[in-house]
Amino acid sequence: EESEDEFVEAYMVAKNNQVLFKTGRVEVSSSLLDGEFPNYQAFMPQKTICTFKINVQEFMDAVKLSNVFAKQEDALKITFQKTLGSDHLILSSRVSEVGEYETELMVDVVTEEEGVEQNFSPRKVLDILGRILTKNVLLDVVVHPRTDHKMLIFREEDNEKFMHLLTPLISA
């Protein structure tokens, strides 16, 4: 029987860069790996074709609704459409035996070079949006240098440390 007063023993071995935690019947050890963190910037697409600023809650609500009309593995199609006086991000999903869904979100366009249309996993979009702590998300649309597929980079507004790259669903 465990009590709330149970202590956790911690041991550090500086020479081996190891740490050990013990409590009751559980032991957890960890080692600090020596070396340089890989240069992830070398793998990031360099060409941004447009950047949107979108309210996180509105984006999440729209993706959740579109997910009702898609199977888990089916795509959420994201299309950017510029109309007179306003900019829209269109989210749509379609499953022949269930139906289809389409909604428009008003977005602030920060930069724009060309239009956008690509399929993404709604589950992965929701996972990323659920981790964003700011009211708005900056959504960069970038191009893969070899395949020309459009990918999304999610960034928190005013937080340069948060960045998440989402690759598209590609049908064979």
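Throughout what follows, the structure given in this document is the object of discussion. From a predicted model like this one, the values you see are computed outputs, not experimental measurements. (Residues numbered from 1 in each chain as written. Predicted model: local features only at pLDDT ≥ 70, side-chain atom pairs only at ≥ 80, totals over all residues. Heavy atoms only, no water.)

1. Considerations on the environment of asparagine 159
Okay, so step 1: Relative to the helices and strands, asparagine 159 is located in strand E12 (residues 159-166).
Okay, so step 2: As a C-alpha pair, asparagine 159 and leucine 133 span 26 residues in sequence and 9.6 Å in three-dimensional space.
Okay, so step 3: For asparagine 159, the side chain forms a polar contact with the side chain of glutamate 156, separated by 2.5 Å. (Helix = DSSP H or I, 4+ residues; strand = E, 2+ residues; numbered from the N terminus. Polar contact = N/O pair within 3.5 Å; in protein donor to acceptor, adjacent residues only side chain to side chain.)

2. What to know about the pairing of strand E1 (residues 9-13)
Okay, so step 1: The pairing of E1 with strand E2 (residues 18-23) spans five bridges and is antiparallel. Across the sheet, residue tyrosine 11 finds its bridge partner in E2, namely leucine 20. (Pairing = 2+ DSSP bridges.)

3. Let's talk about helix H1 (residues 56-68)
Okay, so step 1: Between its first and last C-alpha atoms H1 spans 19 Å; for 13 residues at 1.5 Å apiece the expected length is 18 Å, and the two agree.
Okay, so step 2: Of the positions making up H1, those classed as buried are Val56, Phe59, Met60, Ala62, Val63 and Ser66. Considered in projection along H1, the buried side chains sweep an arc of 165 degrees and stay on one side of the axis.
Okay, so step 3: By the N-cap criterion, in which a side-chain oxygen at the helix start approaches the backbone nitrogen of a residue two or three places on, H1 is capped by asparagine 55, the distance to glutamine 57 being 3.0 Å. (Expected span 1.5 Å × (residues − 1). Buried < 20%, exposed > 50% of the residue type's maximum accessible area, 1.4 Å probe, protein only. Arc of directions from axis to C-beta.)

4. Looking at the pairing of E12
Okay, so step 1: Two strands pair when backbone bridges link them, and strand E11 (residues 150-156) and E12 are joined in this way by five bridges, in the antiparallel orientation. Note on E12: the bridge partner recorded for isoleucine 153 is leucine 165.
Okay, so step 2: Once E11 ends, the chain turns through two residues before running back antiparallel as E12, passing aspartate 158 with a positive phi of about 65 degrees.

5. Remarks on unusual backbone geometry
Okay, so step 1: Positive phi, normally seen in glycine, also occurs at aspartate 158, with a value near 65 degrees.
Okay, so step 2: Checked against the element boundaries, aspartate 158 lands in the loop between E11 and E12.

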